[in-house]
Amino acid sequence: MTVGGGVPPGLDALLPSTAELYLDLHRHPELSGAEERTAARFADRLTADGFRVLRGVGGHGVAAELANGDGPAVLLRAELDALPVAEETGVPYASTATAPGPDGRPVPVMHACGHDAHLACAAAAARWLAEHRDRWRGTLLVVGQPAEETLSGARAMLEDGLYDRITAPDVVLAQHTAAFPAGMVAHADGPLMAGSVTLEVVFEGDGGHAATPHLTADPLLAAAGAVTRLPAVAARETDPAERLLVTASSLRAGDTGRTGNVIATRAELRVTVRALSEAALVRGTAAVERVVRAEAASAALPPRVTVRELARSGVTRPDPGVTAAVRAAHQAAFGAARVTGWPASSATEDFPLLTGAGGHLHGRPGIRGAYWMLGSVGPTQWAAAPGTGPAEKFRGLPHNHSPRYLPSVRLTLDTGTAALVTAALAQLDPAAK
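Everything in this summary refers to the structure shown in the same document. (Residues numbered from 1 in each chain as written. Predicted model: local features only at pLDDT ≥ 70, side-chain atom pairs only at ≥ 80, totals over all residues. Heavy atoms only, no water.)

Along the protein, the regular secondary structure elements total 13 helices and 18 strands. Relative to its length of 433 residues, the protein is compact, with a C-alpha radius of gyration of 23 Å against a globular reference of 22 Å. Based on the C-alpha atoms only, the size of the protein along its principal axes is roughly 85 × 45 × 45 Å. Within the protein, the fraction of its 433 residues that count as buried is 53%. (Helix = DSSP H or I, 4+ residues; strand = E, 2+ residues; numbered from the N terminus. Rg over C-alpha atoms; globule rule 2.2 N^0.38 Å. Buried < 20%, exposed > 50% of the residue type's maximum accessible area, 1.4 Å probe, protein only.)

Here it is in structure tokens:
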């Protein structure tokens, strides 16, 4: 069904509690895999609203269920984790949190991607739907997913039996904040986000003296050569229409404290491959492995090479039928002027695993999904952005993962809550009149 015109009544009364939750989560962000406090706050809220709540699913994952008669099962998904970013927004509720990083040293932590807003909106939508069970029939599911930023959380929840421990959904719904005007939502026709593969490439030699490099299998030299060659994979080996992107994101070599006359025994390279089709993703990944091995083999004393897949996500391709119904519901709620299109992005998500694309993990290939973008830039920030037109202002704004990324609290939460409620009502059966 599609909802009638206008935003459902009573949503504005939820804003104070929604904002309180958002501000608390923003002040206390937690890194991927360490979202204990965040998960507890989300789970406690859902428990108070009458949901059956499971905690600790696939790590700190939260899964909640509210049955309300016969009808479809609709899942609202939000993410728990934050990023290792030092916040520079200057707002009173800015994060000052730190946490141990991968090497044990403290790193700053910030909700620089809007996951705090996603959680607050999902909690508010769940509360409204729980309080208005006379408006719908079916089963409402809510998931707080850990470790989205590392693309491991959805898989971990599914491998921990998520869809065996709650009612398996017919439809999964999600939204994501982005730096365009708050009060708007955006839908894609076709792919929304790329699929990706993250690879760890390790080059290993036996070490040596900087004065005798000819006697050493040098892992750093091979890794550096691979970094310079990898852009050719996208530039010269694929059709530009495939939009393949190959990025060497980090290179680490040598040991802390060593002097400059020691050749490293090990170099670690991280590479991400992104594409808008699975076929291009497979070809790009194979090409990266071929390039790094060829670069090592070209040396007179080749270092050893190990390639390991760290994470993989599929292309986020919302179901056309579900997307059409949700878009119509959003247009009815917000007006056509506040609902726009969205071009395919090279950003990536593990959301597809929760839908039919993850059928190999949960055995249910028929699950459909819809995913839309949620505007987060308030009028003052938009007006202050450099440029005269929308395209120039969009380029000049702080975007997701920036230390200055800051959603407009009221407009983002109001619109995000209404977007989830109306999308859920568009998929749940209407209550008998």
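Any two aromatic rings considered together are summarised by their centre-to-centre distance and by the angle between their planes. Using the criterion set out here, one finds 3 aromatic pairs in the structure. Ring centres of Tyr22 and Tyr93 lie 6.4 Å apart, and the angle between their planes is 70 degrees; on these two criteria the pair is classed as edge-to-face. Taken together, the positions of Tyr22 in helix 1 (residues 15-27) and Tyr93 in the loop between strand 3 (73-79) and strand 4 (98-100) put the pair 71 residues apart, joining distant regions of the chain. Assigned by exposure class, Tyr22 and Tyr93 land together as buried. Relative to Tyr371, the ring of Phe351 lies with its centre 5.0 Å away and its plane at 75 degrees, an arrangement referred to as edge-to-face. Separated by 20 residues along the polypeptide, Phe351 in the loop between strand 16 (345-348) and helix 10 (359-362) and Tyr371 in strand 17 (residues 368-377) bring together distant segments of the chain. Like Tyr371, Phe351 is buried. (Phe/Tyr/Trp six-rings, centres within 6.5 Å; stacked < 30°, edge-to-face > 60°.)

A few words now on the packing of helix 6 (residues 219-229) against helix 8 (residues 278-297). Put simply, helix 6 and helix 8 touch, their axes get as near as 9 Å, and they point 135 degrees apart. Put simply, helix 6 runs oblique to helix 8. For helix 6 against helix 8, the interelement crossing comes out right-handed. Between helix 6 and helix 8, the residues in contact are Ala222, Gly225, Ala226 and Arg229 and Val291, Val292, Ala294, Glu295 and Ala296, respectively. Taken together, the residues that form the contact of helix 6 with helix 8 break down as 6 nonpolar, 1 polar and 2 charged. (Axes fitted to C-alpha atoms, helices over the stretch in contact; angles between N-to-C directions. Parallel < 35°, antiparallel > 145°, perpendicular 65-115°, else oblique. Left-handed = near helix turned anticlockwise from the far one by under 90°. Contact = heavy atoms within 4.5 Å. Nonpolar A, V, L, I, M, F, W, Y, C, P; charged D, E, K, R; others polar.)

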